[in-house]
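Tertiary structure, described
Here are the chains, one letter per residue:
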Amino acid sequence: MILLAIALTANVMMAQKKDRTDAFMYNKNQQYEKAMISIEKCVNHEQFLGMKPNDQCQAWLYRAAIYQNIIQSNDENLKAKAPDALEKVYESLMKCMENEAFLNENKQEIYQRVGAVLAAYSNMGVDNYNTGNFAAAVPMFKKAYDIAKSLGSPDANEMLNLAATSALRAEDYTTALDYFTEMKAAGADGVDVYRHLAACYNGLGNAEQAMAMINAGLEKDPSDASLILEKVNAYLKEGKGAEAVEDLNKLRELDPENAQLLFVLGTIYGDENNEGVYDTDKARQYYEDALAINPDYYDAIYNIGVLYTGMANKYIEQANEITGFSKAEQEQYNNLIEQANELLRTGMPYLQRAYESQPSDDVKNVLRSIYVKLNMIDEVKALDAQ
């Protein structure tokens, strides 16, 4: 029985070596489909791990060569039979590199093949990224990173950065956080990594950690506009308009011709929920300053119109609270309505410009309400006809 077991084991080993040899010969003769079948029989046999480590590695190297030839062939039918060919090349070469002795004996061929796989994954990641398929780009760049890292290549950091950035743009904040954290642990200490970490924490709803990353980055460079903007956005997200003003003014010092910063300041001062900074005069002035830089700034045009409309509505509300019919009360009512109408007349041209620039039902409805309040019947009819 012992002799029989030995004989059976020997036969199995001989069969596996024959499959490996057949795979080599089929590959050499460009019979790639047969080579693929033979090498898969070899490496997937239950007794494969019983082979000598060197024989195993040789099989893995043959496997990598076969699938790389399939990838490079012009036979689309063959490629369709091996849709995961690149993954199998990657897997096979990583197995080869686990055996230091085998790697040293075959370093030139293995590294050459690994370099081709690295380039393939990197190119696939770039293609997916450039077409906006960020989620698909993540694993491609991650594979490229793993390979580059195993080779000690200086490209490793860039591949990890691309994987992390792709994950962030795909809104996979957990994966992005892991990768950016790994970058930081590896020595990345520029403001970019702190900004990205803050974006990850914001995406995960952790405002406290996001602010900690922003402040850590600003310690590195207090004048970094992107980090200051992240801090402003964090304040605005928490409804802390007053805190945002100081940082917005820092940004204005860095970029005085930035109309968007003026617009944001206008929205903060124009929001009555921002206690301590609500000031319609300042809001209007910031909007006007934004328009002085960019006369066609739609949001600023629209917001000025809405600002005047909101101010007018407050006078109308006060007028409607008057319930008496005395002469003094009627004069007070008329005075409030006239002040409201004056504000509506001032804001109306802005809303007309906004509607002409970008017609929408929202702007149309606001504009129509102004026409009705000012008794502009012809304008109401013309607007309704549009």
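Higher on the page you've got the structure.
Since this is a predicted model, take the numbers as computed values, not measurements. (Residues numbered from 1 in each chain as written. Predicted model: local features only at pLDDT ≥ 70, side-chain atom pairs only at ≥ 80, totals over all residues. Heavy atoms only, no water.)

**So, the overall build of the chain**
When helices and strands are counted, the chain shows 20 helices and zero strands. Seen through its principal axes, the chain has C-alpha atoms that stretch 125 × 50 × 40 Å. The buried share of the chain, reckoned over its 386 residues, is 42%. The long-range fraction of contacts in the chain, counting pairs at least 24 apart against all pairs at least 6 apart in sequence, stands at 50%. Taking the average place of the 36 positive charges on the side chains of the chain and the average place of its 58 negative ones, the gap between the two points comes to 9 Å. (Helix = DSSP H or I, 4+ residues; strand = E, 2+ residues; numbered from the N terminus. Buried < 20%, exposed > 50% of the residue type's maximum accessible area, 1.4 Å probe, protein only. Contact = heavy atoms within 4.5 Å. Lys, Arg positive; Asp, Glu negative; His and termini not counted. Charge placed at Lys NZ, Arg CZ, Asp CG, Glu CD.)

**What to know about unusual backbone geometry**
If you check the backbone angles, Glu171 has positive phi at about 65° while not being a glycine. Residue placement: Glu171 occurs in the loop between helix 9 (156–169) and helix 10 (173–185). Take Glu171: its relative accessible area is 56%, and that puts it in the exposed class. One non-glycine residue, Asn375, lies in the positive phi region at around 60°. Along the chain, the position of Asn375 falls in the loop between helix 19 (361–373) and helix 20 (377–384). Residue Asn375 is classed as exposed on the basis of its relative accessible area of 57%.

**Focus on the pattern of salt bridges**
For the coordinates displayed, the defined rule picks out 20 salt bridges. Taking the shortest distance from any N to any O, the salt bridge between Glu182 and Lys149 comes out at 4.0 Å. Remark: Lys149 occurs in helix 8 (residues 134–151) and Glu182 occurs in helix 10; sequence separation between them is 33 residues. Residue classification places Glu182 among the partly exposed positions, given a relative accessible area of 28%. (Salt bridge = Lys/Arg side-chain N within 4 Å of Asp/Glu carboxyl O.)

**Some details on the side chain of His196**
Tracing the sequence through the fold places His196 in helix 11 (residues 191–203). Ignoring sequence-local partners within four residues, the contact set of His196 consists of Leu168 and Phe180.

**Quick notes on helix 18 (residues 327–357)**
Its 31 residues place the ends of helix 18 45 Å apart at the C-alpha level, agreeing with the 45 Å of an ideal helix rising 1.5 Å per residue. The sharpest bend along helix 18 comes to roughly 30°, located at Gly347, with the proline Pro349 sitting one to four residues further on. Here helix 18 has its buried residues at Leu336, Ala340, Asn341, Leu343, Leu344, Gly347, Met348, Tyr350, Leu351, Ala354 and Tyr355. Contact partners of the buried residues in helix 18: helix 16 (280–293), helix 17 (298–320), helix 19 and helix 20. (Expected span 1.5 Å × (residues − 1). Bend = angle between axes of the 7 residues up to and from the residue.)

**Thoughts on the nonpolar core**
Ile110 and Phe180 are the most contacted members of the largest nonpolar core, which totals 116 residues. The element that contributes the greatest number of residues to this core is helix 17, accounting for nine residues. Filtering out sequence-adjacent residues up to four positions away, Ile110 remains in contact with Leu61, Leu93, Cys96, Met97, Phe102 and Leu103. (Core = buried A, V, L, I, M, F, W, Y, C linked by side-chain atoms within 4.5 Å.)

**So, the packing of aromatic side chains**
Overall, the coordinates contain nine aromatic pairs when judged by the stated rule. Relative to Trp60, the ring of Phe48 has its centre 5.6 Å away and its plane inclined at 85°; by these criteria the two rings are edge-to-face. In this pair, Phe48 sits in the loop between helix 2 (32–43) and helix 3 (53–72) while Trp60 sits in helix 3, placing the two residues 12 residues apart along the sequence. Comparing Phe48 with Trp60 shows no difference in burial state: the two are buried. Between the aromatic rings of Tyr269 and Tyr286, the centroid separation amounts to 5.6 Å while the plane-to-plane angle is 20°, which identifies the pairing as stacked. Here Tyr269, found in helix 15 (residues 259–269), pairs with Tyr286, found in helix 16; they are 17 residues apart in sequence, far enough to count as distant. Note on Tyr269: relative accessible area 9%, which makes it buried. Here Tyr286 falls in the buried class, since its relative accessible area comes to 14%. (Phe/Tyr/Trp six-rings, centres within 6.5 Å; stacked < 30°, edge-to-face > 60°.)

**Focus on the environment of Asn99**
In this fold, Asn99 is placed in the loop between helix 5 (85–98) and helix 6 (100–105). Between the alpha carbons of Asn99 and Cys57 there is a distance of 7.5 Å; along the sequence they are 42 residues apart. Aside from chain neighbours lying at most four places away, what touches Asn99 is Pro53, Asn54 and Cys57.

**Side note on the environment of Ala82**
Along the chain, Ala82 turns up in the loop between helix 4 (76–80) and helix 5. Judged by relative accessible area, which is 5%, Ala82 ranks as buried. Spatially, the C-alpha atom of Ala82 lies 39 Å from that of Ala199, the residues being 117 residues apart in sequence. Leaving out residues up to four positions away in the same chain, Ala82 has contacts with Met36, Tyr67 and Ile70.

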